[in-house]
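Fold and contact review
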Amino acid sequence: MHSLSKQSLRKLKKKPENWRATILAKATSVLQTPSFKKAVKKLKPNQKKDLDTAIKELMAKPALGEQKKGDLSFLRVHKFNMNKQLTLLGYSFNDGTLTLELMALGSHENFYRDIKRST
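Report on the accompanying structure.

What counts, and at which threshold
- Residues numbered from 1 in each chain as written.
- Predicted model: local features only at pLDDT ≥ 70, side-chain atom pairs only at ≥ 80, totals over all residues.
- Heavy atoms only, no water.
- Buried < 20%, exposed > 50% of the residue type's maximum accessible area, 1.4 Å probe, protein only.
- Helix = DSSP H or I, 4+ residues; strand = E, 2+ residues; numbered from the N terminus.
- Pairing = 2+ DSSP bridges.
- Phe/Tyr/Trp six-rings, centres within 6.5 Å; stacked < 30°, edge-to-face > 60°.
- Contact = heavy atoms within 4.5 Å.
- Polar contact = N/O pair within 3.5 Å; in protein donor to acceptor, adjacent residues only side chain to side chain.
- Salt bridge = Lys/Arg side-chain N within 4 Å of Asp/Glu carboxyl O.
- Expected span 1.5 Å × (residues − 1).
- Arc of directions from axis to C-beta.

**Notes on the pairing of strand β5 (residues 99–106)**
Among the 8 residues of β5, 7 are classified as buried, and the element is accordingly described as predominantly covered. For strand β4 (residues 85–94) and β5, the ladder comprises 7 bridges, and the chain directions are antiparallel. Looking at β5, one finds that Asn-94 is bridged to Thr-99.

Structure representation (structure tokens):
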């Protein structure tokens, strides 16, 4: 039998192999896809402040968002409130160059479908 409990084994399986490096790393540059720039352009000033706050949090802790699986395994999604409405921010983080690439912004409705179409 195993010396670890089933619960602690589950916790070990959830952590990625390089979880320490990811948690300790900070993003030094931020890139934006054209579709992300277009979505930001349509935001009001108070919404842009909420977005800037969320991006600063991601730069400090790139592992903050949830890593997706399957077709979207390249994507991480950070959920935050913008004007009291849940908003999803899709991004990828390249640990080698410490680059945060912002890919998508929007509500949950059709968010993942639109990302699949754009890739």
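**What to know about the packing of aromatic side chains**
Using the criterion set out here, one finds 1 aromatic pair in the structure. Look at Phe-111 and Tyr-112: their rings are 5.2 Å apart centre to centre, the planes differ by 90°, and that puts the pair in the edge-to-face class. Under the relative-accessibility criterion, Phe-111 is labelled buried at 4%.

**Some thoughts on the side chain of Ser-92**
Mapped onto the elements of the fold, Ser-92 is located in strand β4. Leaving out residues up to four positions away in the same chain, Ser-92 has contacts with Phe-74, Thr-99, Leu-100, Glu-101 and Met-103.

**Description of the side chain of Thr-87**
As for its position among the elements, Thr-87 is in strand β4. In terms of polar contacts, Thr-87 uses its side chain to reach the backbone carbonyl oxygen of Gln-85, at 3.2 Å.

**Quick word on the pattern of salt bridges**
For the coordinates displayed, the defined rule picks out 3 salt bridges. Ionic pairing is found between Glu-66 and Lys-68, a salt bridge with its closest N-O pair at 3.5 Å. Residue Lys-68 is classed as buried on the basis of its relative accessible area of 17%. Lys-116 is paired through a salt bridge with Asp-71; the nearest N and O atoms lie 3.6 Å apart. Highlighted residues: Lys-116 in helix α5 (residues 111–118) and Asp-71 in the loop between β2 (66–67) and β3 (76–82), separated in sequence by 45 residues.

**Concerning helix α4 (residues 45–60)**
For α4, which comprises 16 residues, the first-to-last C-alpha distance of 23 Å matches the rise-based estimate of 22 Å (1.5 Å per residue) to within 8%. Inspection of α4 places Gln-47, Leu-51, Ala-54, Ile-55 and Leu-58 among the buried residues, and these make up the whole buried set. Axial view of α4: buried residues confined to an arc of 100°, hence all on one face. Counted as exposed and oriented over 90 degrees from the buried face of α4: Pro-45, Lys-49 and Lys-56.

**Some details on the environment of Leu-75**
Among the structural elements, Leu-75 can be located in the loop between β2 and β3. In the structure, Leu-75 is positioned 15 residues away from Gly-90 in sequence and 6.5 Å away in space, judged by C-alpha atoms. Not counting residues up to four positions away in its chain, the partners in contact with Leu-75 are Glu-66, Gln-67, Lys-68, Gly-90, Tyr-91, Met-103 and Ile-115.

Interpretation in functional terms is not warranted from these geometric data alone.
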